[in-house]
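Working through the structure, step by step
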Amino acid sequence: MRWLVKGGRVVDPASGIDQAADILIEEGKIAALIPVLKDGSKDHSEPMTEEINPENTVAILKAKGKLVVPGLIDMHVHLREPGFERKETIATGTRAAARGGFTSVACMPNTKPVADNRSVLEFIQRQAQLTAKVHVYPIAAITKGSRGEELSEMGDLIAGGAVAFSDDGRPVMNTRVMRLALEYARIGDWPIISHCEDLNLAAEGQMNEGYWSMLLGLQGIPNTAEETMVARDIMLAEMTGARLHIAHVSTAGSVQLIREAKSRGVRVSAEVTPHHLVLTDEAVVGYSTFTKVNPPLRAEKDRQALLEGLVDGTIEVIATDHAPHTLEEKDCEYGYAPFGISGLETALPLVWSELVEKKVLSLEKLITCMTVNPARILGLNRGSLMVGAAADITVIDPDLEQVVKVADFVSRGKNSPFEGKKLKGWPVATMVAGQLVMQDGQII
Amino acid sequence: MGLNRKDLLGLQDLSAEEIELILDTAVPMKDILGREIKKVPTLRGKVVATLFYEPSTRTRTSFELAAKYMGADTMSLAVSTSSVQKGESFRDTAETIEVMGVDTIILRHSASGSAQYLANIVKASVINGGDGTHEHPTQALLDMFTIREKRGGFKGLKVVILGDILHSRVARSNIWGLAKMGAEVCVVGPPTLMPPDIEKMGVKVFYQVEEALKDADVINVLRLQLERQQKGLFPTVREYHQLYGLTPERLKLASRDVLILHPGPMNRGVEIDPEVADGPQASIVDQVANGVAVRMALLYLLMEGGAFSAVVS
């Protein structure tokens, strides 16, 4: 099917384009970008092939007054399949992604069984082929069973489709094992994604350690539980020359460590979640378990440092850490609830409202953090609207303001602290390889 | 006039006026305790349930007696004898109790925030009988009742809370209440048992017990949970006693008519020496009696709410 995405403002940071243009899509690829001049006429200085005779031969996707950007890429989600299908499946998780404006997701290996061998990876990709609405890129475990003891068969896992390695949720506590993983990953310059948390220091912590944990009587997780491991992994990356990506950075100290490491030339990148950019630990007052997340929501000074890190490029990626859980699991005392926020369906309007509307970050930079940068880190040939690229496209309505309704989530995870929050900048259409998969919040 | 609220979850939520009302109402309640016949019919036909997920002797008994003296029927559900052990969720248990017609639930639970959670679920009144390391409002109210009884008020008093502040719901509730009533509150204990940012509650923080006790008017000694030592939070119980135990020598640093409180149960010879616990300055036994009176007042104010003169007449 041929599509014409018509009348929108095309923003493609990868090719430096920001202009009014129509996009013609053929056979799942971007066939042409047709700039529209200010007076509304087409720019004929651009080469136009004979086939481009849009109006009567193609389906039109109206994008007037909207932003047309490369399909968003979320490099950190938990799809829970296999093993935890009550929380989420590849089918439901990718529908949530599509609804959130994402066209690609990279899923973490903490499934049951753990994605530490090729057969699990192949199962995930088979399920994705059969049921997914967006591209699914599996991240494989660093160590067997994510036990932090022996390296997984990293070479075979790459051959089987893995795009990176991570023991997310179960950090590699043994420093020697982490060193070996980084060293071994140099075979193919594979990225290692580190969940930085000293489990001994975090202990039984439930939330950020500070004023609010003191008042609420909940055991705290200090910033240093993250920062000591960020420092350790940066030193190991420096020693081994490997590529390190720090998942879900949450503290001011981590931002500073990464900033300094980058200035020394260490090959480190970092991501931040929308919830850490928007909320602080004060949100835990009232003990709503939807605010329970790991790393925990931090203090305002940390939130400010994360924003600064995004602005100065220390943090290059916005990723959701979409962690769906059932309501039954979350409907309990704070201390007994599992960690995690269902993030795919609120990510874009959250960062739009918090960053772009408040003029913290430019639109181009935001899109860069959600397209080109994660694509580059994971080595994906996506995240651009250049002619010939896969037609993964997200259409955003920058003026659309609506209230978050968790009941409308297509994710099985309804565990969101943003119910009732009025947000702006919603995705209104998602196209994956030339197929329209979401329009006006409805999955197609 | 009663308390215009459904629940009592913590002293953080109460105004100074509400605290005063509870303490004032507890005075005639204490008189009832001294009578030959201790029962009044005020809460006849009402049902008070105690739901205890943690072992407790005095809080539970105190609440049950308070409810009985006020004429209410009581029922108690302990974790060891209920379906909780069969894996029933807290919500299911709460809803089950509620539909049996319970008016007020007293909750004791090891998880901070559990009282709030329960209050969100049920229409019945919830009184927090201690939730995790969050709050234990009735303990603080009875401590304050005892202080007021012995000292006449709170303004200008120096109250020292001594021990494991980090894990103490008693400390948090006392700090909220005492600060609202105008006392000067000091906390002292090892840094590993001191929560972060507690000075933001308006208290002075000490690590040296001698410094903290200077001219203290009230010393509230917290129970040391011995399992904290196993978690490595301090080296030995012996050293804890050496550095923080309330000994007769240390007591001399305080004001001469200092009042000593302890929420119980005591580890004699650990956080408090027997000579001190049994000495003339200790009001630990009074606290227990006052606890019943304060809880009668609270049940009355939450459940009935009429003029309390009706009760005494």
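This is a predicted model, so every value here is computed, not measured.

About the criteria used
Residues numbered from 1 in each chain as written. Chains lettered and ligands numbered in written order. Predicted model: local features only at pLDDT ≥ 70, side-chain atom pairs only at ≥ 80, totals over all residues. Heavy atoms only, no water. Helix = DSSP H or I, 4+ residues; strand = E, 2+ residues; numbered from the N terminus. Rg over C-alpha atoms; globule rule 2.2 N^0.38 Å. Buried < 20%, exposed > 50% of the residue type's maximum accessible area, 1.4 Å probe, protein only. Contact = heavy atoms within 4.5 Å. Areas by Shrake-Rupley, 256 points an atom, 1.4 Å probe, with all protein chains shown as cover. Lys, Arg positive; Asp, Glu negative; His and termini not counted. Charge placed at Lys NZ, Arg CZ, Asp CG, Glu CD. Buried area = accessible area lost by both parts, 1.4 Å probe. Salt bridge = Lys/Arg side-chain N within 4 Å of Asp/Glu carboxyl O. Core = buried A, V, L, I, M, F, W, Y, C linked by side-chain atoms within 4.5 Å. Domains from an automatic or database assignment. Phe/Tyr/Trp six-rings, centres within 6.5 Å; stacked < 30°, edge-to-face > 60°. Lys NZ or Arg CZ within 6 Å of the ring centre and 35° of its normal. Pairing = 2+ DSSP bridges. Axes fitted to C-alpha atoms, helices over the stretch in contact; angles between N-to-C directions. Parallel < 35°, antiparallel > 145°, perpendicular 65-115°, else oblique. Left-handed = near helix turned anticlockwise from the far one by under 90°. Nonpolar A, V, L, I, M, F, W, Y, C, P; charged D, E, K, R; others polar.

Each helix and strand in chain A was counted, giving 14 helices and 19 strands. Compactness check: chain A gives a C-alpha radius of gyration of 21 Å against a globular reference of 22 Å for 444 residues, within 12% of the reference. Seen through its principal axes, chain A has C-alpha atoms that stretch 65 × 50 × 45 Å. Across the 444 residues in chain A, those meeting the buried criterion constitute 61%. Across chain A, every contact between residues at least 6 apart in sequence was considered, and the portion connecting residues at least 24 apart equals 75%. Accessible surface, chain A as shown: approximately 16,400 Å² in total, 50% of it carbon and sulfur. Between the mean site of the 46 positive side-chain charges and the mean site of the 58 negative ones, chain A shows a separation of 1 Å.

Of regular secondary structure, chain B possesses 13 helices and 9 strands. Here chain B has a C-alpha radius of gyration of 19 Å; the compact-globule value for 313 residues is 20 Å, and the two agree. Across the 313 residues that make up chain B, the buried fraction comes to 58%. By sequence separation, contacts in chain B at least 24 residues apart represent 73% of the contacts at least 6 residues apart. In chain B, 35 positive and 38 negative side-chain charges are present, and the distance between their average locations comes to 2 Å.

On to the interface of chain B and chain A. Counting residues at the interface gives 22 residues for chain B, matched by 16 residues for chain A. Of the roughly 1,500 Å² buried between chain B and chain A, counting both surfaces, carbon and sulfur atoms make up 57%. It is Ser112(B), Tyr117(B) and Pro196(B) that lose the most area in chain B upon contact with chain A, and together they represent 28% of the buried surface on that side. Counting across the interface, chain B meets chain A through 1 salt bridge. Among the ionic pairs, Arg91(B) bridges to Asp331(A), the shortest N-O distance being 2.4 Å.

With 86 residues, the main nonpolar core has Ile192(A), Ile246(A), Leu277(A), Leu310(A), Ile318(A), Leu355(A) and Leu366(A) as its most contacted residues. Per-element accounting of this core gives the leading share, 7 residues, to helix H12 (residues 347-356) of chain A. There are two domains that each give this core at least three residues, and those are domain 1 (3-68 + 389-443) and domain 2 (71-378) of chain A. One finds Phe145(B), Met194(B), Leu261(B) and Val294(B) within the second-largest nonpolar core, a separate group that totals 65 residues.

Right, let's get into the packing of aromatic side chains. A ring pair, where both rings are aromatic, is described by two values, the distance of the centres and the angle of the planes. In total, this model carries 6 aromatic pairs over all chains according to the counting rule given. Between the aromatic rings of Tyr211(A) and Trp212(A), the centroid separation amounts to 4.9 Å while the plane-to-plane angle is 75 degrees, which identifies the pairing as edge-to-face. A connected cluster of aromatic rings, assembled from ring pairs, spans Tyr53(B), Phe90(B) and Tyr117(B). Between Lys292(A) and the ring centre of Phe339(A), over which it is positioned, the NZ or CZ distance is 4.7 Å. Sitting above the plane of the Phe63(B) ring, Arg295(B) keeps its charged end 4.8 Å from the centroid.

Let's shift gears to the pattern of salt bridges. Under the criterion given, the structure shown has 38 salt bridges over all chains. In this structure, the salt-bridge partner of Asp408(A) is Lys405(A), at a minimum N-O distance of 3.9 Å. The class of Asp408(A) is partly exposed, set by a relative accessible area of 39%. The salt bridge involving Glu149(B) is made with Lys30(B); its shortest N-O contact spans 2.7 Å. Separated by 119 residues along the polypeptide, Glu149(B) in helix H5 (residues 137-151) and Lys30(B) in helix H1 (residues 16-33) bring together distant segments of the chain.

On to the pairing of strand S18 (residues 435-439) of chain A. Residues and elements named next belong to chain A. Both strand S17 (residues 422-432) and S18 contribute to a ladder of 4 bridges, which runs antiparallel. Note that in S18 the partner of Met431 across the bridge is Leu436. Two strands pair when backbone bridges link them, and S18 and strand S19 (residues 442-443) are joined in this way by 2 bridges, in the antiparallel orientation. Across the sheet, Gln439 pairs through a bridge with Gln442, a residue of S19. What sits between the antiparallel neighbours S18 and S19 is a turn of 2 residues, in which Asp440 has the positive phi angle 50 degrees.

With that settled, consider the sheet that holds strand S6 (residues 184-188) of chain B. All names here are of chain B. With respect to topology, 5 strands assemble into an open sheet ordered S7-S6-S5-S8-S9, the strand pairing being parallel. At either end of the open sheet lies a strand with only one pairing partner, and these are strand S7 (204-206) and strand S9 (259-261). The sheet shows a mean angle of 20 degrees between the axes of neighbouring strands, direction not considered. Pairing analysis gives 3 bridges linking strand S8 (residues 218-221) to S9, with the strands arranged parallel. Within S9, the residue paired with Val218 across the bridge is Leu259.

Before going further, it helps to examine the packing of helix H1 (residues 90-99) of chain A against helix H2 (residues 118-131) of chain A. Residues and elements named next belong to chain A. Where H1 meets H2, the axes come as close as 9 Å, and the angle between the chain directions of the two elements is 60 degrees. Classified by the angle their axes make, H1 and H2 are oblique. Of the two possible hands of crossing, H1 and H2 adopt the one that is right-handed. On the side of H1, the interface is formed by Ile90, Ala91, Thr94 and Arg95, while H2 contributes Ile124, Gln127, Ala128 and Thr131. Among the residues forming the contact of H1 with H2, the class breakdown is 4 nonpolar, 3 polar and 1 charged.

Before going further, it helps to examine the domain arrangement of chain A. Residue and element names in this part refer to chain A. Per the domain assignment, the segments making up chain A are domain 1 (3-68 + 389-443) and domain 2 (71-378). Averaged C-alpha coordinates put domain 1 and domain 2 at centres separated by 27 Å. Taken residue by residue, the interface counts 37 residues in domain 1 and 47 residues in domain 2. Of all residues in domain 1, Arg412, Asn415 and Phe418 bury the most surface against domain 2, accounting for 21% of the area lost on that side. At the junction of domain 1 with domain 2, the criterion picks out 2 salt bridges. A salt bridge links Glu357 to Lys424; its shortest N-O distance comes to 3.8 Å.

Within a sheet, adjacent strands bond to each other through the backbone by hydrogen bonds, running parallel or antiparallel. Reading across from one edge, S6-S7-S8-S9-S10-S13-S14-S15 (chain A) is the order of the 8 strands in this open sheet, with parallel pairing throughout. Whereas interior strands pair on both sides, the edge strands pair on one side only; in this sheet they are strand S6 (72-77) and strand S15 (317-318) of chain A.

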